[in-house]
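This is what each chain is made of:
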Amino acid sequence: MALRPVSVSELNSYIERVVTTDPLLRSVVVRGEISSVKYHQSGHIYLSLSDPDSKIDCVIWRDTAVSLRELLKVGDEVIVTGSLRLYKKTGLLQFSIRQLEIAGAGAAAAAFERMKERLAKEGLFDPAHKKKLPAFPARVGLVTSATGAAVEDMLRIIRERTRMTDVLIFPVPVQGMGAGEEIARMIRRISALDPSPVDLLIVSRGGGSPEDLMAFNEETLARAIYDCPLPVISAVGHEIDFSISDFVADARAATPTAGAQMAVPDDRELAHDLEKAREQLTLQLTNRLMYEELRLSRLSDRLKSEMRAALTGREQELERLKLDLTRSDPRALLEGGYAIVTGDDGKAVRSAGSLDVGGEYGILFYDGTARCTVTAVTESEEKR
């Protein structure tokens, strides 16, 4: 005999009756770690409690929330008292908290801090080991889920920013049991390839609860990133989320979108920068040309002035020499009425005492020569 099908409303009504009438569920004390928390504008607080294996959604109604003295945050370990309720319209099962006591920092948060401190002491976070991101990567590898908003956002951002970069997707699970090891194994496989198929890796997943991001807090993944010869960007969750992979990676991006923006240049910005550089270079060259033209003009003027001064000096020197030469030219003396007496050898007779009475001598005038015979020689009294 086939069972009569029931409606969804009937099923939820039945579950609601079971939950609300079970005496064991009317008042339950639960210990767990806050894995997500949201303060709603209505005054209610919505949070999730977790342990290593399970999670349950909870609500603190406004009347109870106003009595809390401490701000709740992810990682707090709490002890809560309350009851289960089912929101029949959506089938959402919630734990309604009537009392809450902060028990401690939380096992998961404490484990996170212990691992972080240990890896830091080993030098995995040391800035000296971090590799510089390539300015113009030819190929970028995305180590992430092949489906979902994160990979689509990164592909869209890279396509919008540049046409110079190819993208390779290396699909991996990004949450759940074994996800951290799978991501680490993929990174090690890529690291072993020679030549490398990519210039840069982005290890990424979108936002989620701390449980969803646990894969990126695993030590095996941290060591795979540290040992990777390629630059690695960790782009996990939202801006407020921090994972071990963020600290060990060469660069941390607040979101997958930010990781894509960090990985590749923006062609439009490059074009704008190139245009600005061209304008600045043109201006510098123009200024330099004008400066050199002015400098050459001044140099030309100075050279011309120096040449004119030198030429004037040479002309004056030439005139002085010409005048001296004119003054020392014997013909000038002859034109003044003087004459030169020469002997038979053609040499000038310098003294009257050198003349012989009866001797014949030549007389050189400015316009000709003559011959004479000495009839007498009279020396000056000073000579006598």
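Residues numbered from 1 in each chain as written. Predicted model: local features only at pLDDT ≥ 70, side-chain atom pairs only at ≥ 80, totals over all residues. Heavy atoms only, no water.

Draft legend 1. Looking closely at the sheet that holds strand β9 (residues 232-236). Spatially, β7-β6-β8-β9-β10 is the arrangement adopted by the 5 strands of the open sheet, whose pairing is parallel. Edge positions in the open sheet fall to β7 (166-171) and β10 (251-253), since each of these has one partner strand only. Recorded for the sheet is a direction-independent mean angle of 20° between the axes of neighbouring strands. In this sheet, strand β8 (residues 200-205) lies alongside strand β6 (residues 139-144) in parallel orientation, the contact comprising 4 bridges. Residue pairing for β8: Val 140 is matched across the bridge by Leu 200. (Pairing = 2+ DSSP bridges. Helix = DSSP H or I, 4+ residues; strand = E, 2+ residues; numbered from the N terminus. Axes fitted to C-alpha atoms, helices over the stretch in contact; angles between N-to-C directions.)

Draft legend 2. Broad picture of unusual backbone geometry. Geometrically, the link from Asp 194 to Pro 195 is a cis peptide bond, its omega value of 5° lying close to zero. One can find Pro 195 in the loop between α6 (179-192) and β8.

Draft legend 3. Expanded view of the nonpolar core. Ranked by size, the top nonpolar core spans 32 residues in total, and within it Val 143, Ile 183, Ile 187, Ile 190, Leu 201 and Phe 216 carry the most contacts. Sorting the residues of this core by element identifies α4 (107-122), α6, β8, α7 (219-227), β9 and α8 (244-248) as the ones contributing at least two each. With 6 residues, the top contributor of residues to this core is α6. Formed by 16 residues, the second largest nonpolar core is a distinct cluster that contains Val 140, Met 154, Leu 155 and Ala 251. (Core = buried A, V, L, I, M, F, W, Y, C linked by side-chain atoms within 4.5 Å. Buried < 20%, exposed > 50% of the residue type's maximum accessible area, 1.4 Å probe, protein only.)

Draft legend 4. Here's a closer look at the environment of Val 80. Among the structural elements, Val 80 can be located in strand β4 (residues 77-87). Note: C-alpha distance between Val 80 and Ser 234 (154 residues apart in sequence) is 35 Å.

Draft legend 5. A look at the packing of helix α5 (residues 149-161) against helix α9 (residues 256-263). Running from amino to carboxyl end, α5 crosses α9 at an angle of 30°, the nearest separation of the two axes being 8 Å. Considered as vectors, α5 and α9 are oriented roughly parallel to each other. Considering only the axes of α5 and α9, their crossing is right-handed. Between α5, through Ala 150, Asp 153, Met 154, Ile 157, Ile 158 and Arg 161, and α9, the contact on the second element is made entirely by Pro 256, Thr 257, Ala 260 and Gln 261. (Parallel < 35°, antiparallel > 145°, perpendicular 65-115°, else oblique. Left-handed = near helix turned anticlockwise from the far one by under 90°. Contact = heavy atoms within 4.5 Å.)

Draft legend 6. Structural context of the packing of α6 against α7. Interaxial distance between α6 and α7 falls to 8 Å at its minimum, and their mutual angle equals 15°. Between α6 and α7, the interaxial angle falls into the category roughly parallel. Relative to α7, α6 is oriented so that their crossing is left-handed. Between α6, through Gly 180, Glu 181, Ile 183, Ala 184, Ile 187 and Arg 188, and α7, the contact on the second element is made entirely by Thr 220, Leu 221, Ala 224 and Ile 225.

Draft legend 7. Inspection of the sheet that holds strand β13 (residues 368-373) at higher detail. One open sheet holds the 3 strands; their spatial order is β11-β12-β13, and the pairing between them is antiparallel. Each having just a single partner strand, β11 (340-342) and β13 make up the two edges of the open sheet. Strand-to-strand twist across the sheet, computed as the mean angle between neighbouring axes with direction ignored, equals 30°. When strand β12 (residues 360-365) meets β13, the two strands line up antiparallel, connected through 6 bridges. Bridging across to β13, Glu 360 finds its partner in Thr 373.

Draft legend 8. View of the pattern of salt bridges. Taken as a whole and judged by the stated rule, the model has 24 salt bridges. Between Arg 139 and Asp 199 there is a salt bridge whose closest N-O contact spans 3.9 Å. Of this pair, Arg 139 sits in strand β6 while Asp 199 sits in the loop between α6 and β8, placing them 60 residues apart in sequence. Asp 199 gets classed as partly exposed once you look at its relative accessible area, which sits at 26%. Residue Glu 182 pairs with Arg 185 through a salt bridge whose shortest N-O separation is 2.7 Å. Of the two residues, Glu 182 and Arg 185 both sit in helix α6, 3 residues apart, roughly one turn of that helix. With relative accessibility at 36%, the residue Glu 182 sits in the partly exposed group. Arg 185 gets classed as partly exposed once you look at its relative accessible area, which sits at 29%. Look at the salt bridges and you will find they share partners, linking Arg 118, Glu 122, Glu 219 and Arg 223 into a network. (Salt bridge = Lys/Arg side-chain N within 4 Å of Asp/Glu carboxyl O.)

Draft legend 9. Seen up close, empty space enclosed by the protein. Enumeration according to the criterion identifies 1 cavity of 30 Å³ or more in this entry. By volume, the largest cavity amounts to about 60 Å³. In terms of lining residues, the largest cavity is bounded by Leu 124, Asp 126, His 129, Lys 130, Lys 131, Ile 225, Tyr 226, Val 248 and Asp 250. Here the residues of the lining of the largest cavity sort into 4 nonpolar, 1 polar and 4 charged. (1 Å grid on protein atoms, 1.4 Å probe; cavity = no way out; pocket = protein on both sides within 12 Å on 5 of 7 lines; lining within 4 Å. Points joined across faces, edges and corners; volume = space filled by probe spheres on them. Nonpolar A, V, L, I, M, F, W, Y, C, P; charged D, E, K, R; others polar.)

Draft legend 10. Examining the pairing of strand β1 (residues 28-39) more closely. When β1 meets β4, the two strands line up antiparallel, connected through 6 bridges. Bridging across to β4, Arg 31 finds its partner in Ile 79. Looking at chain direction, β1 and strand β2 (residues 45-50) are connected through 6 bridges and run antiparallel. Counted as the bridge partner of Glu 33 is Ser 50 from β2. What sits between β1 and β2 in their antiparallel hairpin is a turn of 5 residues, with Gly 43 showing a positive phi close to 105°.

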